[in-house]
Amino acid sequence: MRRLLATVALCTAPLYAAAQVEVVSAQPDSVSVTIYRDLFALVTETRTIDLPAEPVTLAFDGVVETLLPASAVISALDRGLEERNYDYDQLAPASLLRKSIGRTVVITRTLPGSGKVTQTRAVIESANDDGVMLRTTDGLEALSCSGTPEGLTFEEIPDGLQPKPRLSIRLAAGQPGKRTIKLSYIAQGFAWRSDYVAHLDAGGRSFDLTGWVTLRNVTQSTLKQAEVQVVAGRLNLLYEDEGGTSTIGATSDFESETELQEARQMRLEEWEEDREDRELDLEFLYGCYPFGKRSPAPAALQYQRQRMYGRFPDYGGGDLEEVVVTGMRASIRPPEALADYHLYRVPWPTDLNARQTKQAVFLQKTGIRSEQFYGFRVSEETLEETDEPIQPELTLGFTNSRAAGIGEPLPAGMVRAFMSEAEGDIFIGEALLDDKPVGVPIELALAGAMDLALEVSVDEDAAKESDEEFVDVELRVSNAKGRPVTVEVRQQLPEDIAIRVERANHRTGRKFGDYVWRLKVPANSVESLTYRLREAEVE
Amino acid sequence: MRRYTGWLVGLSSAGLVSVNVLAAGGEDKQLSLTIYNKDLALVEHVRELDVPAGKQRIEFAGVSAQIVPETVSFLAPSLELIEQNFDYDLLTPAKLMEKAVGGRVQIVRINPATGAETTELAQVLSTEGGTILRIGSRIEVLREDDLPTRVIFDKVPENLRAQPTLSVLVNAAKPVKETARLTYLTRGLTWASDYVVVFDEPKGQAAIQGWITLRNTSGSTFTNARAQLVAGDVNLVGSEEQWWSMWQQRRSTNQRAVGTESTGRQRLGDYYIYPINQATTIANNQSKQVSFIDASGVKAGKGYEATFWGFSSSDEPQSAEVRVRFSNSKAAGLGEQLPSGVVRVYTRDSRGQPQFIGEDHIGHTSAGSELALKIGDAFDVTIQPTLENTTRINKRTYQYMMSYTVRNARAEPVSVTIRQDTLWRVNSVEAESIKGRRTDTDSFAWEVPVAANGETTLRFTLRQGW
């Protein structure tokens, strides 16, 4: 096979590839990125390549370093694909040392006091997680164990070590010439999430809602002028240890979107800690024999673990390089359907820089019809522990419909609620919203009630006098507020005991399987709810 | 015949290098790999050896630290095998100091004020928690004074090595040119199948690509190897794998009918063999992928499912599972058995660009099977369960009135399969708003049709007891 000199990779290319013609595609012409909530993105690159007629190894440089090799798909390629390789033996202090075993290096020592610099030639005898041994004409010595500043100089980079991870494919012979292909792959380290700001009116009849999308690129790659989409939906994902895409565990192991969100946040924080650790350890530590003062950790191992992810600050933004806010007006249009999810497009090409956070408004609705009430759910425990204090929760209830003023999918996120008072806006509380399609009722418990006391008492005396099994429940609501409130009391039903509610002094309804009562409690007054819970007899 | 100096050993990975007496350098005459998909591979090196008469040690430096030493077999008919060793005591500063206990090292002290060096001989007394040295008549702890001190050892003790090393001690009656075979099992070399399914819902079709992904984390590079991949569950006794495979089987409920078709693939016992056509080099820390299935126009469809265990209400509507269904039968357009792996599903967006929509794991699937892969939760198809009431019929029998409100926010009608699962031994449906069917001794299912942007409530009364 002929070697195509112009494009043959330099000394960093693996030996085995040298036998074949190699064409390097240095960078994509354009990039499209679809970001998922689960800390990854689908990157689709358009690249122009010029192929010779003979079999060729085509190498893609400039891919995002966190790519999952198994996910790569190359389309519009009119040549037989023999195999594809992803080399991630990356050039790093640990791999450089390991691959240099048996090679000659130069140790430079700076002696304390005189500041004299000495240089000695040495052969690397061993290099692993527990330290580095060097052979000089004096004998064997461990690197960085003497307490004298020591540095190593290498003559060359050993074969097979890549300055960057590289995806390459081996193609059969075929038509020569220029063509445009698409390379797509999944890459870890991208994230997006939605957050909401709700402005409630004092009367509780309506509110305004603004939805923000926050995009994150926590990789070390910068994507210039990328088309950006985000997908709202819960995909089935497998854990990376099982060959899947998720770095937080299989989706099926999580009960709710809330749990998933917590796990994602934790993962981001872990990545951030790793990054900080690595920055502290810039001076690579080597293992030594035991001596008096310190015993360094096997840093090489740590380094391996961290290499993959690079830099991951958390959403909190304490240590962000850059936060870009695109403005307060809704800039992202309503989503289009993608299978059973929703796809939002950022309407202009944008740069996704390494370690960057971007925010944009994707939803802006005013005058949404709603109700506010104080909700409380009576469970078995409530009736057993009647002296426990009870605090109803301020709840915002609305329906996601066009008639009510929304009628758009609401991707899961934190809703932060504010109320306008004479002095200005005050923050009243927050609640996590799950994914909400159009047409479903939504209730958000925003805050514990103030100036509203609820006492419960249980009377079993009447039951003792008869043969029947029942309890009489009384709930007293004291409203110390200067305005009337609505209180909703729900009686939870256990699954495997047949319970009936009787003799309620307010109109009894049903809600989500529970019994429910609505009490209007006037300003500065007390209202009472009584009912009987009876275990149903065998029919 | 060539003699290698000690420090060259590391250069040849998985190569054959002799030390004690000698052996041949050079390359494998043949290198074969049989790779299983359970982090296990069988490696066979065929080498020409030039062996002089007498007892000698042949070393194979650079074998991976993950070799399973008890599986090593060395076959050379005219050599007498005396013993076989796998030394994995790595040369590290701490190990070297430990081995130096009782022996002598040189201590080079540097005066922090002047930089002047003083060299002394020291005897190593102990390395427990700190290195204790006897220098002349003094006893000191190394570097307790925090002054720069270099320690110089004169040689590497036997059995401490830069890399794990496999060696055999052999005896040759007379000088001989021999073709030797070395075989062993190793970890760190494994393969998995990965599938890419591009699902075209309007056409009811899918394009399916299968990739074999080889991963090498063994620490060695395998040069110009003939590789074959074995699909099947090799039984690994008492291992984590065994537990793992049981767990996988329990967990995966996406194989709906087991196929009975045979294909043209090469078999070995109960396993399928996927040979890689040409010699290939598998570098350390490399993922290598080879295509093995490429089919388009495979019949495929989509369905919504929700399974409920027990009877309870929920404030939060639950999303329906989305499943992509297809068969790997010849009639459906595939006709291939599918080794276990991860299936990633894509669909095209409004601009024709493939977008990722979810993934699922499949077990080894014989041809002709029906698969229903779970790809995700439907954002817009939800089910809200409500336990309307519970009635106690007798001591052992309860009756539940359930309603499931299925809401569809999509612009087209859908049908959702609702399954009530894991019922008690005696069970029956007393009343239902939609005709259901018994799917199992302990489960029932209902197909609930929901209009575009509409909702349908399924109600039933179910009795169960024991």
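All values reported here derive from a predicted model rather than from experimental measurement. (Residues numbered from 1 in each chain as written. Chains lettered and ligands numbered in written order. Predicted model: local features only at pLDDT ≥ 70, side-chain atom pairs only at ≥ 80, totals over all residues. Heavy atoms only, no water.)

1. Focus on the overall build of chain B
When its secondary structure is counted, chain B shows two helices and 31 strands. Expressed as a percentage of its 466 residues, the buried residues of chain B come to 54%. For chain B, restricting intrachain contacts to residue pairs at least 6 apart in sequence, the fraction spanning at least 24 positions comes to 72%. If you sum the accessible surface of chain B, you get close to 20600 Å²; carbon and sulfur atoms cover 49% of it. (Helix = DSSP H or I, 4+ residues; strand = E, 2+ residues; numbered from the N terminus. Buried < 20%, exposed > 50% of the residue type's maximum accessible area, 1.4 Å probe, protein only. Contact = heavy atoms within 4.5 Å. Areas by Shrake-Rupley, 256 points an atom, 1.4 Å probe, with all protein chains shown as cover.)

2. Considerations on the pattern of salt bridges
For the structure shown, the criterion picks out 58 salt bridges over all chains. Here A:E488 ties to A:K511 by a salt bridge, and the two come within 2.9 Å at their closest N and O atoms. Of the two residues, A:E488 is situated in strand β30 (residues 485–491) and A:K511 in strand β32 (residues 509–511); the sequence distance between them amounts to 23 residues. A relative accessible area of 3% places A:E488 in the buried class. Among the residues examined, A:K511 registers a relative accessible area of 15% and is labelled buried. A salt bridge links B:E117 to B:R150; its shortest N-O distance comes to 3.5 Å. Of this pair, B:E117 sits in strand β8 (residues 117–126) while B:R150 sits in strand β11 (residues 149–152), and the two are 33 residues apart along the sequence. (Salt bridge = Lys/Arg side-chain N within 4 Å of Asp/Glu carboxyl O.)

3. Quick word on the sheet that holds strand β31 (residues 499–502) of chain A
All names here are of chain A. Judged by pairing direction, the sheet is antiparallel, and its four strands sit side by side in the order β28-β29-β34-β31 without closing on themselves. Single-partner strands in this sheet number two, and they are β28 (452–459) and β31. Mean inter-strand twist for the sheet, computed between neighbouring axes without regard to direction, equals 25°. Bridge count for strand β29 (residues 470–479) against strand β34 (residues 525–535) is 10 bridges, and the pairing is antiparallel. Pairing of L475 across the sheet is with L529, part of β34. (Pairing = 2+ DSSP bridges. Axes fitted to C-alpha atoms, helices over the stretch in contact; angles between N-to-C directions.)

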